[in-house]
Amino acid sequence: MNRFRPRGLWGFILRRLLLGIIVLILVSILVFLATQALPEDPARAILGRSATPASLAALRRQLHLDQPVIEQYWTWVTGLLHGNLGTSLAAQEPVSTLLAPKLVNSAVLVALAAVLSIPLSIAIGAYAALKREKAFDQASSNLLLLLAALPEFVVALALVILLATTVSHVLPAVSTVPPGSRPWNNWLALILPTLALVIAVAPYVARIMRASMIEVLESDYVEMARLKGLPERTVLLRHALPNALGPVFQVIALNLAYLAGGIIFIEVVFNYTGVGGAIAEAVVNHDLPVIQALAMLIAAVYVILNLLADVATILVTPKLRTRL
Amino acid sequence: MSQVSSDWVADAEIAPPLPVVRGTSLLRRSLKLWRTRIGLVLVGFIVLLAIVGPYIAPYGPSTPVGAPNSNPSSKAVLGTDYLGQDVLSRVLYGGRSILVMAVVATALGLVVGVAIGLVAAYSRNTLDDILMRGMDVIMALPQILLALVAVAIVGPHAWVIVAAIALTTVPRIARVARGTALPIVERDFIAASEAMGVPRWRIVSGELLPNCLGPLMVEASLRLTYSVALIAGLAFLGLSPNPNGANWGTMIQQNEVVLVVQPWGAAAPIIVIALLTLGTGLIGDGIARTAAGIDRARGEA
């Protein structure tokens, strides 16, 4: 089995890339078969009972339902690879033009949340590890545990109640991005969705950072560095922190990948114009091409982020690097 | 909330193989912690509310009792919702379907996931690879996305939602089960059972499973929290078996827009869901801390 195993870091990346591609191919088959496994004729399901035979035939042609299944899959996949994601049934527009601006909006939101939450949670986790079992550690651990247990739509709605409607009204409750506008044109409306995403991600990253930092602080080389008489600052920033970050990358990537799903609820709560809201809408409208495209997109983001997490973990963990 | 397993489970693969703590004793020991007790009280309260709620509700779930969106009064303690139905009564009716679906989905996912994870760990061959790569494919889609795709295709029937959540729970449980079982499979008592000719399925169910219970219980409580969140969340998106029925998620969706006028219609179900997930979260953390404490004590002994 290991005969053709390419070695070294590049070999590892190559192996993981191949695995990712295989996973994506399987997911594409799964998504395709799932949308083909409709209990009734998809054209009729979409058009409803009032459909005329002519409109049914037209829609079947549009969905390529008149071709054999394998040919349908091939048409769909090659379209995907050429950026042709099909035509939205609800909007009668190409899926790519429909989703492109929303993709930008969602990316802005996720990027903003990541930029804020990652340094913040690393700092909280590392500081809690330094002050282990002291007041800050206990307070932050308990708060993070409670925040982690709340579903993201509950967090988002609690923010709306506290800051945008009932209790106080300091921030907008609705964050719709009008067509042609960019999210940052109305940065006030970005605050609450970003905050909700930060709360959804930060607890996990902070907890793993705390655990990892405690392990590193107890290690022999940190004790060695201290015994050598290095200043505490150098010990922490040069010796402890970089080594504690290894396991954290994995959790960060998992959480960012998770945001691809969690963003659905947050965008719906705030009426934010992004892919999450789009998929919720597409489900209600039975807009299969949009659902298929977004499912593949989110799976691709997930696979890529996991790959990056693995590579980053290897790069910052010398022990793993030499074992490749 | 996120899809990440509890921290100490991830360490199971590198930690020395120690735990032989039966599930019940772990539960009993975790009760010494305040967080477990608070969690149990919260979950117990909400479950009781969901079970006896329909019998003590002052009105039916869809009985009109006053003007829409009226504020709390002696007639309707939490006011009325956007259709003039009693908010308190709908909260009391609205938990059953969520809880039943969440428990069934998590239990199904747990049974199948544990079976796949333990078999994969025990087989140590191509079967392991095939099973776990299959799990990777399911894991390549976020839970909510797979549930949405399923609901979009088949419709928001209860069995579709349960099946989708069970299916997405399986690989997450299977990974924990396999990770926990891998070091145990290498231990002498498994080899001894094999030498004595104990059938394989008896080794997996009788020897392997009882030794993996700690991490599995933590993961199960975590999964139950997510299942509750997902089912309530789907209802919040308008995807529940009964679109007008009393359901905490549906209530939030229907009354969210009138938050400024009558906050309780959405706030009451939000609070109930929050208490429930906080409770399961606290119980899971209590068990995890207890198990980690046992491991640490043994490591030092």
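Predicted model, so just to flag it, every value in this text is computed and none were measured.

## Considerations on the packing of helix 6 (residues 135-149) of chain A against helix 8 (residues 187-217) of chain A
Helix-helix packing is described using two parameters, namely the angle between the two axes and the distance between the axes.
All names here are of chain A.
1) Next: At a minimum axis separation of 9 Å, helix 6 and helix 8 run at an interaxial angle of 135°. One way to sum up the angle between helix 6 and helix 8 is to call them oblique. Handedness of the helix 6/helix 8 crossing: left-handed. Of the residues in helix 8, those in contact with Leu144, Leu147 and Ala148 of helix 6 are Ile199, Pro203, Tyr204, Ala206 and Arg207.
2) Next: Split by residue class, the contact of helix 6 with helix 8 holds seven nonpolar, no polar and one charged.

## A few points about the interface of chain B and chain A
1) Next: Opposite the 41 residues of chain B that make contact, chain A presents 51 residues.
2) Next: Contributions of two or more residues to the side of chain B that touches chain A are made by helix 6 (126-139), helix 7 (143-154), helix 11 (213-236) and helix 13 (264-300) of chain B.
3) Next: In the side of chain B that touches chain A, the residues fall into 29 nonpolar, eight polar and four charged.

## Observations regarding the confidence of the model for chain B
1) Next: Residues at a pLDDT of 70 or more form 89% of chain B, whose mean pLDDT is 80.
2) Next: Averaged pLDDT values for the elements of chain B fall to 42 in helix 1 (residues 7-10) of chain B and rise to 90 in helix 5 (residues 96-123) of chain B.

## Let's talk about the environment of Val205(A)
1) Next: The residue Val205(A) is located in helix 8 in this model.
2) Next: Contact partners of Val205(A), with chain neighbours within four places excluded, come to Ser117(A), Ile118(A), Ser121(A), Ile122(A), Gly125(A), Val248(A), Val251(A), Ile252(A) and Asn255(A).

## Considerations on the environment of Tyr302(A)
1) Next: Turning to its location among the elements, Tyr302(A) is positioned in helix 12 (residues 288-316).
2) Next: Tyr302(A) sits in the buried class, given 26 other C-beta atoms within 10 Å.
3) Next: When the C-alpha positions of Tyr302(A) and Ala253(A) are compared, they lie 8.4 Å apart, and in sequence the two are 49 residues distant.
4) Next: When near neighbours in sequence (up to four residues on either side) are disregarded, Tyr302(A) contacts Ala257(A), Ala260(A) and Ala140(B).

Cut-offs used in this document
Residues numbered from 1 in each chain as written. Chains lettered and ligands numbered in written order. Predicted model: local features only at pLDDT ≥ 70, side-chain atom pairs only at ≥ 80, totals over all residues. Axes fitted to C-alpha atoms, helices over the stretch in contact; angles between N-to-C directions. Helix = DSSP H or I, 4+ residues; strand = E, 2+ residues; numbered from the N terminus. Parallel < 35°, antiparallel > 145°, perpendicular 65-115°, else oblique. Left-handed = near helix turned anticlockwise from the far one by under 90°. Contact = placed C-beta atoms within 7 Å. Nonpolar A, V, L, I, M, F, W, Y, C, P; charged D, E, K, R; others polar. pLDDT = per-residue confidence, 0-100. Buried ≥ 20, exposed ≤ 12 C-beta atoms within 10 Å, placed from the backbone.

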